[in-house]
Number of protein chains: 2
Amino acid sequence: MANLVQPSILPGFMELLPEEQVEFNRVKRIIEKNFINYGFFPLDTPLIEKEEILLSKGGGETSKQIFRIEKAGESSTPQALRFDFTVSLARYCAQHSHEIHFPFRRYQIGKVYRGERSQRGRYREFYQCDIDIVGREKLAIENDAEVPALMYAIFSDLGLEGVRFHINNRKLLNGYFEFLEISCREDVLRTLDKLAKIGRDKVEKELEELGLTESQISQIFDLFKEGETNEEILDRLEGMEVENEVFQTGLSELRRVYETMQAFSVPEENIVIDLSITRGLDYYTGSVFETFLKGYESIGSICSGGRYDDLASNFTKEKLPGIGMSIGLTRLFYQLKEADLLHLEAEPYLKCLILPMGKEDLSYGIELVDVLREAGITAQIYLESGKLKKKFSYADKLGVPYVLIIGESERTEGKVSVKDMRTGEQKAISKDDLIQDLK
Amino acid sequence: MANLVQPSILPGFMELLPEEQVEFNRVKRIIEKNFINYGFFPLDTPLIEKEEILLSKGGGETSKQIFRIEKAGESSTPQALRFDFTVSLARYCAQHSHEIHFPFRRYQIGKVYRGERSQRGRYREFYQCDIDIVGREKLAIENDAEVPALMYAIFSDLGLEGVRFHINNRKLLNGYFEFLEISCREDVLRTLDKLAKIGRDKVEKELEELGLTESQISQIFDLFKEGETNEEILDRLEGMEVENEVFQTGLSELRRVYETMQAFSVPEENIVIDLSITRGLDYYTGSVFETFLKGYESIGSICSGGRYDDLASNFTKEKLPGIGMSIGLTRLFYQLKEADLLHLEAEPYLKCLILPMGKEDLSYGIELVDVLREAGITAQIYLESGKLKKKFSYADKLGVPYVLIIGESERTEGKVSVKDMRTGEQKAISKDDLIQDLK
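What you see is a predicted model, and the numbers here were worked out from it, not measured in a lab. (Residues numbered from 1 in each chain as written. Chains lettered and ligands numbered in written order. Predicted model: local features only at pLDDT ≥ 70, side-chain atom pairs only at ≥ 80, totals over all residues. Heavy atoms only, no water.)

1. Some details on the pairing of strand β11 (residues 322-328) of chain B
All names here are of chain B.
Piece 1. Of all seven residues in β11, six are buried; the element is thus mostly enclosed.
Piece 2. Inspection of the sheet shows strand β6 (residues 125-134) paired to β11 by seven bridges, in the antiparallel sense. Within β11, the position partnered with Q128 by the bridge is G328.
Piece 3. Pairing of strand β10 (residues 304-308) with β11 involves five bridges; the strand directions are antiparallel. Each bridged residue has a counterpart across the sheet, and for G306 the counterpart in β11 is G324. (Buried < 20%, exposed > 50% of the residue type's maximum accessible area, 1.4 Å probe, protein only. Helix = DSSP H or I, 4+ residues; strand = E, 2+ residues; numbered from the N terminus. Pairing = 2+ DSSP bridges.)

If you want it as structure tokens, here you go:
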């Protein structure tokens, strides 16, 4: 016998046991069903893209984390695994701009790859679930409300009532900084983004280090007041009389998004206007979103996104503005399980197991399993020989709620003994009543 | 402006337009629904595995076609993309043998990678849809019938009535060669596998070159008779009085599989006992299957598989026999489209598009789109401003069957004008009757 290879997977990859995988797939399916229900079209781009496409925005952190493919077969084009869907979406929209219809509403669910340091709850291979609406030349601000509303519908279906959409608009901040004559606006944004994490004192200190005056810093903090309602924040900002067009555009967009989210049935209490949310990525230009779970804020944002002015500027001269949000499903699933927050009501995965007592009962059992499946009831027949105890033990392990026992008497009388594994009750019924009884 | 990067993908990758992707996903969903209905559990192993796992069977052709990953981040373990699911299944079963329950019934649908020379209809990234039933120590022969029966259910749901399962058993051939005292049995099997492709004369010639005597060759061809029914073939083989235990086991297994497939509701005419089917891969040890479409045999086998004695011998000393079949979905989809064989009856992907005439109609439109989605009717509201003609042109391009027009009169009267895009008919109905009317 050859030496055995130790069966194992690489660190940083999630692999589930079958029962966990069933639950994961249920979550994934809920997400997809909502994407479809809202009229988003599926997209399934290659996992491998040309490196010049993936790195078209420039290298940096991304290029260090990328999984490069060594020459495979005949191809010598530098290629690598995608690290998100946004680059592929941009490439796709530019490549097919005359075959797709704008506003282009697409979803993509699949795996992406980042060579991050692997640690608890962080994965190098993970599912992302993205939706984007991409316009040509322009895209109405109401789209910025529909996208988080769809995400809200998903979290509701997942039973996560404590979900809070923190919304902001970068124009509002950028315009305000312009108004305050602050030049290093990107740096200030990045610093403010840490407000919830490191607190006001540390943020003030960092802003000082960026060269902001005391007056500028104090005026920045005029934006933030604790304990206000969403309406109070908007009213106050409108009353501040900031003479800057970008600020005023941002503010009116923010109000419009806030109000339209509610029109799309997101309850007011699930929306938090939060001016400290800025999103790290440079390419967001308007609305920005982060999503937290009330009481579980330490998990971090579970769904983020925002508005970008120009999706595909590296690939086309056409201006393609868009709005998108993304759920990092693998990490979310891990965290929801850790926090014991996932309690989906669902039919048992496998509803019936048929146990024939002897070989001669097999064909009757096969007839029954066919009838069940035809009626859409998931069913399996145990085809192995062996003692009844072993057969029941298999049923136990699978967690199947109904065991259908078939012996000589059942077979000759056209009946079946149905055992409810949760109550232990058992009764013999006619095979013609079986479907009715199980439904 | 920076130089533009040409938006394109690598050769050998399938990327679809949204409408095609919808159709592809429908096919994938039909496959998955059947897998679930038959009580197979999902598995989702990493796309990247350690090279020592992937190549545990030894290199050869596989190692040339493998997509290797260059060192990504901190990991220095040699790793590569999976080229099938079987290796990962073997690794998984060995790794988790005490956490999973045998017979272990799993399905996996996902992408695999092979650096083949790219050509029309051949892909380097493609979906496989696999089912396997893995036993511990032993596994009843009836499983070998259930697996193709499940595949038959799928092809029926896809509307491919002309599907033909060609079945054989390698024991039968191996035992027969043993009986004929032929030593190079693997070579003979591989040669016979080409019978349908290259014809009897060429096969005879190749067998001669392998050193077989005239008498051996003529006795091999005694196995094949044209124009016989399945029953006639089985009866004739049983009458041949071949004194070899392996042969007799293979023959009785073949009969059992043939009869049990019919018990599992596969019509007799969809089964072809075909002794020339041997499957190239060495690890099949009993039942083997290929699937052809009547009238489209040139497409080749659209679903193949078989029985193996020992799945995970490279990873564990436990003996894990199994039976599995696989659909190469990407190639199948391509071929079915090429041959115009795919005509799924399905609801339109997007059923309703709401067109508000003016800005002031938006919130009423949002109210309606919410009601539709709540009722499970896929719907979109057109949020952009613009002329009515442009809005209708968008509806046309999306191929949406119902357009819901909202203007001032509809809004003030609580109505909606529903236009059937296929007939051109338009009628105003109360918003309370909308769901009823559309269902």
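Back to the text.
2. Here's the deal with the interface of chain B and chain A
Many descriptions give the size of an interface as the accessible area lost when the pieces come together.
Piece 1. At the interface, 109 residues of chain B touch 109 residues of chain A.
Piece 2. Each partner contributes to the roughly 9500 Å² buried at the junction of chain B and chain A, and carbon and sulfur atoms together form 58% of this total.
Piece 3. Counting across the interface, chain B meets chain A through eight salt bridges.
Piece 4. For B:E15, the salt bridge goes to A:R91, with nearest N and O atoms at 2.7 Å.
Piece 5. Scanning the region where chain B abuts chain A turns up 39 residue pairs in polar contact (both at pLDDT 80 or more).
Piece 6. Looking at the side of chain B that touches chain A, the element that brings in the most residues is helix α1 (residues 18-37) of chain B, giving eight residues.
Piece 7. Looking at the side of chain B that touches chain A, its residues break down into 53 nonpolar, 28 polar and 28 charged. (Contact = heavy atoms within 4.5 Å. Buried area = accessible area lost by both parts, 1.4 Å probe. Salt bridge = Lys/Arg side-chain N within 4 Å of Asp/Glu carboxyl O. Polar contact = N/O pair within 3.5 Å; in protein donor to acceptor, adjacent residues only side chain to side chain. Nonpolar A, V, L, I, M, F, W, Y, C, P; charged D, E, K, R; others polar.)

3. Overview of the relation of the copies chain B and chain A
Piece 1. Superposing chain B onto chain A requires a rotation of 180 degrees together with a translation of 0.0 Å along the rotation axis, leaving an RMSD of 0.0 Å. A rotation of that kind, with that shift, is consistent with a two-fold axis. Nearest to the rotation axis, the C-alpha of B:I69 is located 2.4 Å from it, this being the minimum over chain B. (Least-squares fit on C-alpha atoms with pLDDT ≥ 70 in both.)

4. A few points about unusual backbone geometry
Piece 1. Note the cis peptide between A:F102 and A:P103, where omega equals -5 degrees.
Piece 2. Relative to the elements of secondary structure, A:P103 occurs in the loop between α4 (86-95) and β5 (104-113).
Piece 3. Notably, B:E137 is not glycine yet its phi reads approximately 70 degrees, a positive angle.
Piece 4. With respect to the helices and strands, B:E137 occurs in the loop between β6 and α5 (143-157).

5. Topic: the packing of helix α6 (residues 170-179) of chain A against helix α11 (residues 245-263) of chain A
All names here are of chain A.
Piece 1. With their axes 7 Å apart at the nearest point, α6 and α11 run at an angle of 155 degrees to one another. With respect to α11, the element α6 is oriented roughly antiparallel. Where α6 crosses over α11, the handedness of that crossing is left-handed. Facing α6, whose interface residues are K171, L172, G175, Y176 and E178, α11 presents V246, F247, T249, G250, L251, E253 and L254.
Piece 2. When the residues that make up the contact of α6 with α11 are grouped by side-chain class, the tally is six nonpolar, three polar and three charged. (Axes fitted to C-alpha atoms, helices over the stretch in contact; angles between N-to-C directions. Parallel < 35°, antiparallel > 145°, perpendicular 65-115°, else oblique. Left-handed = near helix turned anticlockwise from the far one by under 90°.)

By themselves, these are just geometric observations and shouldn't be taken as functional.
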